[in-house]
Amino acid sequence: MSGYKTCCACCIFFLIWLGSIVPAVAQVGFHLPANKKKDKLQFELINNLAIVPVEVNGKKLSFLLDTGVNFTLLFSLYESDSLTLKNAVPTKIRGLGDGGDIDALKSINNVVKIGDAVDKDHKIYVIFDQKINFSPRMGVPVHGVIGYDFFKDMVAEIDYYSEQLTMHNPYFYTPKKCRKCEEFNIGIVENKPYIRTKINALGKDYDVTMLMDTGASDALWLFDENIGITETPKNYFNDFLGLGLSGAVNGKRSKLDKFTLGTFELNQVNVSYPDSTALRNLESIGQRNGTIGSDIWKRFTMIINYRTKKVVLKKNGFFNKSFNYNMSGIVVEHRGMVPVKDVTTLPSEGISLVRNPGATSGVIINVNPFYTFFLAPKLVIAEVRNDSPAAMVDIRVGDELISLNGKEFYDLKLQEINAVFTSKEGRRITLVIERNGIRMKKKFVLQKLL
């Protein structure tokens, strides 16, 4: 069983390999209450990814809704997130990157709830390595991922524009007539969905087989650099692509001329090519050419039906948005909490009336400073691309971000920072950073490389 993940603006992703682990006993699976046809819940759309509320053994957590994994993975647990895990035994997980196997636990007989859908015998793989934590790059808590074990039991309607997940009971589900929708056949291989599509690169058309991966924040990943990469003229740049379970992953970023799925066409689409180090942990690529991620899927309302092996797509308000990438060259993450002193002023007990020269009267209100303290997420530069605009003004990994274009760090969300860095070429950026207790102002301009 193999697959990989990307998430957040810097495309965090991972590959899980569980060797020859095979479910020995059929699970009960997710079910809605008797005679209930569907259930709706809101999710958060963070960096193209759907983060859904999930209960595990009564504990409320947040999971990434992810067609690219064939099991449920739990991580990023701290003492405050403690929960009871049932029937746990040690196992190993291998991830993308330069490291080796990772210790994990396999836990069975767990009660998992998504909205009104409940699975009373759910298998979870648990990682306790605190370095494997997607929350700092996402800016919100992300405790795990859930994939095949959910999609096999529900007809899932994901409305990215309204940030709403509708879970249809497959026994009651009847597709609605929709003139603007298109239906596609999908293949389910090793519990993951694949689809045939077309791309155009450097004027040449290619028919490709792609993994449908709602857990990847990028638009497209391709494994073969012969599709789309050229040195003369150079049409790519090298970049840090993300964090794997076993370390950093690097590769190339470029653009494809066109992506076509049925009658849907998207132009100048972002594409990434992971390097050979990342790909070596893919046990068998087979006929798969790459991955379609959620920078494409978010442009549709999609209905995924694993039982009929169909997906229905309808354009939404994101469809015509351009494909952007980080033009600053830096990745920011949350790293712990810091106290912030907020200064306000309160009137003193005394108010004195005085006469001002040349005026009828005046009032002087004596005020005293009043300090309040609160904790805010600390923002730290986690990655700097070589020769990027940020690198050219000596911004370094480990620098603490104090303000961005005059806005204090505690008023900034990671999504807002990423939106600024992907906004438009030529935009002026002013950062105040702190390094070794010294504050410095850094200025640069966003620069397109593609």
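Refer to the preceding data block for the structure.
A few points on the structure. Note that this is a predicted model, so its numbers are computed, not measured.

When you line up the elements, Tyr161 lands in the loop between strand 10 (155-159) and strand 11 (164-168). The partly exposed category is assigned to Tyr161, whose relative accessible area is 49%. The contacts of Tyr161, once residues within four sequence positions are left out, are Asn316, Gly317 and Phe318.

Across all of its chains, the model carries one disulfide by this definition. In this model, Cys178 is linked to Cys181 through a disulfide, with the two sulfur atoms separated by 2.0 Å. Between Cys178 and Cys181 the sulfur-sulfur dihedral comes to about 70 degrees; the bridge is accordingly right-handed. Accessibility expressed as a relative area gives 28% for Cys178, which makes it partly exposed. By relative accessible area, Cys181 is classed as partly exposed at 22%.

Within a regular strand, side chains alternate between the sheet's two faces. Sheet topology places strand 27 (residues 428-435) next to strand 28 (residues 438-445); eight bridges connect them, and they run antiparallel. When the bridges of strand 28 are listed, Arg435 appears paired with Ile438. Hairpin connection of strand 27 to strand 28: two residues between the antiparallel strands, including Asn436 at a positive phi of 55 degrees.

The next point concerns helix 6 (residues 414-421). Looking only at helix 6, the buried set comprises Leu414, Ile417, Asn418, Val420 and Phe421. Axial view of helix 6: buried residues confined to an arc of 155 degrees, hence all on one face.

Before going further, it helps to spend a moment on the packing of aromatic side chains. Summed over all chains, the structure comprises 12 aromatic pairs. Judged by centre distance (5.3 Å) and plane angle (75 degrees), the rings of Phe150 and Phe151 are edge-to-face. The exposure classification of Phe150 matches that of Phe151, with both residues buried. Ring geometry for Phe409 versus Tyr410: centroids 5.4 Å apart, planes at 75 degrees, classification edge-to-face. Site record: aromatic cluster; members linked through ring pairs are Phe30, Tyr148, Phe150, Phe151 and Tyr306. Between the NZ or CZ atom of Lys234 and the centre of the ring of Tyr236, over which it lies, the distance is 4.9 Å. Against the face of Tyr236 rests Lys252, its NZ or CZ located 5.2 Å from the ring centre.

Attention now goes to the environment of Ala278. Its place among the elements puts Ala278 in helix 3 (residues 276-279). Classification of Ala278 by relative accessible area gives buried; the value is 3%. Taking C-alpha positions, Ala278 is 8.7 Å from Ala248, a pair spaced 30 residues apart along the chain.

Looking now at the pattern of salt bridges. One pass over the structure, following the stated rule, counts 16 salt bridges. With its nearest N and O atoms 3.7 Å apart, the salt bridge here joins Asp295 to Lys298. According to the relative accessible area criterion, Asp295 is buried, its value standing at 8%. Here the residues in one salt-bridge network are Asp394, Arg396, Asp399 and Arg435, joined through shared partners.

What follows covers the side chain of Asp39. If you trace the backbone, Asp39 turns up in strand 1 (residues 38-42). At a separation of 3.5 Å, a polar atom in the side chain of Asp39 contacts the side chain of Lys36.

This brings us to unusual backbone geometry. The omega angle of the peptide bond from Thr232 to Pro233 is -5 degrees, so this bond is cis rather than trans. Even without being a glycine, Asn47 presents a positive backbone phi close to 50 degrees. As for its placement among the helices and strands, Asn47 is situated in the loop between strand 2 (44-46) and strand 3 (49-56). Asn47 sits in the buried class, given a relative accessible area of 10%.

Let us now look at the sheet that holds strand 10. By way of backbone hydrogen bonds, the strands of a sheet pair with one another, either parallel or antiparallel. Across the sheet, six strands lie side by side as 1-11-10-21-22-12; this open sheet has antiparallel pairing. The sheet terminates laterally at strand 1 and strand 12 (182-185), the two strands that pair on one side only. Averaged over all adjacent pairs, the angle separating strand axes in this sheet is 15 degrees, with direction ignored. Across five bridges, the pairing between strand 1 and strand 11 is antiparallel. The residue of strand 11 that forms the bridge with Lys40 is Thr166.

Rules used in this analysis
Residues numbered from 1 in each chain as written. Predicted model: local features only at pLDDT ≥ 70, side-chain atom pairs only at ≥ 80, totals over all residues. Heavy atoms only, no water. Helix = DSSP H or I, 4+ residues; strand = E, 2+ residues; numbered from the N terminus. Buried < 20%, exposed > 50% of the residue type's maximum accessible area, 1.4 Å probe, protein only. Contact = heavy atoms within 4.5 Å. Disulfide = S-S within 2.5 Å. Pairing = 2+ DSSP bridges. Arc of directions from axis to C-beta. Phe/Tyr/Trp six-rings, centres within 6.5 Å; stacked < 30°, edge-to-face > 60°. Lys NZ or Arg CZ within 6 Å of the ring centre and 35° of its normal. Salt bridge = Lys/Arg side-chain N within 4 Å of Asp/Glu carboxyl O. Polar contact = N/O pair within 3.5 Å; in protein donor to acceptor, adjacent residues only side chain to side chain. Axes fitted to C-alpha atoms, helices over the stretch in contact; angles between N-to-C directions.

Spatial relationships are all this shows, so hold off on functional conclusions.
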